[in-house]
Amino acid sequence: MKPKLVRTVAALRRETAKWRAEGLRYAVVPTMGAIHSGHTQLVTEGLKRADRVITTIFVNPKQFAAHEDLGKYPRDEDGDVRKLGKAGTHLIFSPAPDEVYPPGFSTTISLAGPAKAGLEDKFRPLFFDGVATVVAKLFTQTGADIAMFGEKDYQQLQVVTRMAKDLDIAIEVIGVPTVRETDGLAKSSRNVYLSKTERQQAVAIYRNLQNAAERIRSGVNPQSATRSATRTLMALGFKVDYVTARNAQSLSIPQNRDEPLRLIAAAWLGKTRLIDNIPV
Ligand code: AMP
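Residues numbered from 1 in each chain as written. Predicted model: local features only at pLDDT ≥ 70, side-chain atom pairs only at ≥ 80, totals over all residues. Heavy atoms only, no water.

Asker: Quick rundown of the layout of surface pockets? Include the residues and the values.
Answerer: As a volume, the second largest pocket reaches approximately 470 Å³. The set of elements that each furnish at least two residues to the lining of the second largest pocket consists of helix H10 (222–235) and strand E7 (239–247). For the lining of the second largest pocket, the leading source of residues is H10, giving 5 residues. In terms of residue class, the lining of the second largest pocket is made up of 8 nonpolar, 8 polar and 4 charged. (1 Å grid on protein atoms, 1.4 Å probe; cavity = no way out; pocket = protein on both sides within 12 Å on 5 of 7 lines; lining within 4 Å. Points joined across faces, edges and corners; volume = space filled by probe spheres on them. Helix = DSSP H or I, 4+ residues; strand = E, 2+ residues; numbered from the N terminus. Nonpolar A, V, L, I, M, F, W, Y, C, P; charged D, E, K, R; others polar.)

Structure follows, in structure tokens:
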């Protein structure tokens, strides 16, 4: 079925009002487009929990720094609509930047807690304020009952969960496990930037996280396991921003042995920045 495409908040609200009148429950899947099977998995999981699914497509300028890839971020709305329709999305909200940030727009959400864990925030200082601001707007614009986010962006998932709770937005944020290529590389819209050789090397991040997790489970100290994963990745030519073991919810540095742990990594391969994470 071809999903309906709306570009304004007014048109979006006309559609959701009909669903509400019928007593339907609906999910929102926020994306920046360049849809792949990681995104469609969020739609599939949304359909299991709600009667209708809205996918939003918006390349949010507020979460890109001046030197980042906003201008060359992959865009293919026709392809996205086709893929999202096949996955079962009922409605697509794809606004222009002016619809989201009209002249005079002056509000940004300022974050603490998991947003200041010293991970993505350390390397992309404006990123989460931009993400939280647009996601809060999408939550209130759609009025959805549930929101689907990928574990692939693990810190983002914790930040958005915390933000919705702190701002009393009546939405349940649900995390969906990372969808991977057959060799294990996490699916990402940015994987198209990788050269053929880089694409073959890229899976080393996941492999090294797996290896570190296994060593931690067998009793090795998390810090030494992540340090040796960092060294291996550097020797393979990665520029490593971080490989670290964190508390799976607060993202703080673990203090005792029985905390649930998440291994989280970010590294550059050539001009492409890759992120990944796994549970221990
Ligand atoms: P993006 O368009 O890259 O901002 O991603 C939109 C949503 O899809 C976010 O919640 C991401 O975490 C999620 N996502 C991206 N890649 C994957 C993946 N490989 N597996 C699961 N979710 C993903």
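Asker: Provide a residue-level description of the site of the ligand, including the pertinent values.
Answerer: Around the ligand, the surrounding shell holds 17 residues, and the nearest of these are Met32, Gly150, Asp153, Val179 and Lys187. Here Asp153 contributes a side-chain N or O atom positioned 2.6 Å from an oxygen atom of the ligand. Val179 has a polar backbone atom sitting 2.8 Å from a nitrogen atom of the ligand. Where the shell around the ligand is concerned, the elements lending two or more residues are strand E2 (26–31), helix H2 (37–49) and strand E5 (146–150). Ranked by residue count, the leading element in the shell around the ligand is H2, at 3 residues. (Near = heavy atom within 4 Å. Polar contact = N/O pair within 3.5 Å; in protein donor to acceptor, adjacent residues only side chain to side chain.)

Asker: Just give me the short version of the sheet that holds strand E6 (residues 172–176), but keep the residues and values in it.
Answerer: The strand order across the open sheet built from 6 strands is E1-E4-E3-E2-E5-E6, with neighbouring strands paired in parallel fashion. Each of the sheet's edge strands pairs with one partner strand only, and the pair in question is strand E1 (4–6) and E6. Taking each pair of neighbouring strands and ignoring which way they run, the sheet shows an average axis angle of 25 degrees. One ladder, built from 3 bridges, connects strand E3 (residues 52–57) with strand E4 (residues 91–93); its direction is parallel. Paired with Thr56 across the two strands is Phe93, which belongs to E4. Its contacts with the sheet put H2 on E2, E3, E5 and E6, and the angle it makes with E5 is roughly 150 degrees. Lying on the sheet, helix H3 (residues 77–87) is in contact with E1, E3 and E4; it crosses E3 at an angle near 165 degrees. (Pairing = 2+ DSSP bridges. Axes fitted to C-alpha atoms, helices over the stretch in contact; angles between N-to-C directions. Contact = heavy atoms within 4.5 Å.)

Asker: A description of the pattern of salt bridges should follow, citing residues and the corresponding values.
Answerer: Counting across every chain of the model gives 16 salt bridges. Lys18 is the salt-bridge partner of Glu15, the closest N and O atoms lying 3.3 Å from each other. Of the two residues, Glu15 and Lys18 both sit in helix H1 (residues 9–21), 3 residues apart, roughly one turn of that helix. A residue is classified by how much of its surface remains accessible, and Lys18, at 45% relative accessible area, is partly exposed. The residue Arg273 makes a salt bridge to Asp241 at a minimum N-O spacing of 2.8 Å. One end of the pair, Arg273, is in strand E9 (residues 272–279); the other, Asp241, is in strand E7, and 32 residues separate them in sequence. You can call Arg273 buried: its relative accessible area is 16%. Judged by relative accessible area, which is 13%, Asp241 ranks as buried. Via salt bridges that share partners, Glu120, Lys239, Asp241 and Arg273 belong to a single interconnected network. (Salt bridge = Lys/Arg side-chain N within 4 Å of Asp/Glu carboxyl O. Buried < 20%, exposed > 50% of the residue type's maximum accessible area, 1.4 Å probe, protein only.)

Asker: Run through the side chain of Asp121, naming residues and quoting values.
Answerer: Note that Asp121 resides in helix H5 (residues 120–123). Despite its burial, Asp121 pairs with no opposite charge; the closest candidate is Lys116, at 6.0 Å N-O. Look past the residues within four positions of Asp121 in its chain and what remains in contact with it is Ala115, Lys116, Phe128 and Gln155. (Lys, Arg positive; Asp, Glu negative; His and termini not counted.)

Asker: Please set out the domain arrangement of the protein residue by residue, giving values where relevant.
Answerer: Parsing the protein into structural domains produces domain 1 (4–176) and domain 2 (189–279). A separation of 26 Å is found between the C-alpha centroids of domain 1 and domain 2. Listed per partner, the contact involves 22 residues of domain 1 and 18 residues of domain 2. Summing both partners gives a buried area of about 1700 Å² for domain 1 against domain 2, and 51% of it is carried by carbon and sulfur. Interface area lost by domain 1 to domain 2 is led by Leu119, Phe123 and Tyr154, which between them contribute 35%. On inspection of domain 1 and its partner domain 2, the count reaches 3 salt bridges. In this structure, Glu120 and Arg273 form a salt bridge, with 2.7 Å as the shortest nitrogen-oxygen distance. The tally of links from domain 1 across to domain 2 stands at 11 residue pairs in polar contact (both at pLDDT 80 or more). Among the elements of the structure, H5 and helix H7 (154–166) are those that each provide at least two residues to the side of domain 1 that touches domain 2. (Domains from an automatic or database assignment. Buried area = accessible area lost by both parts, 1.4 Å probe.)

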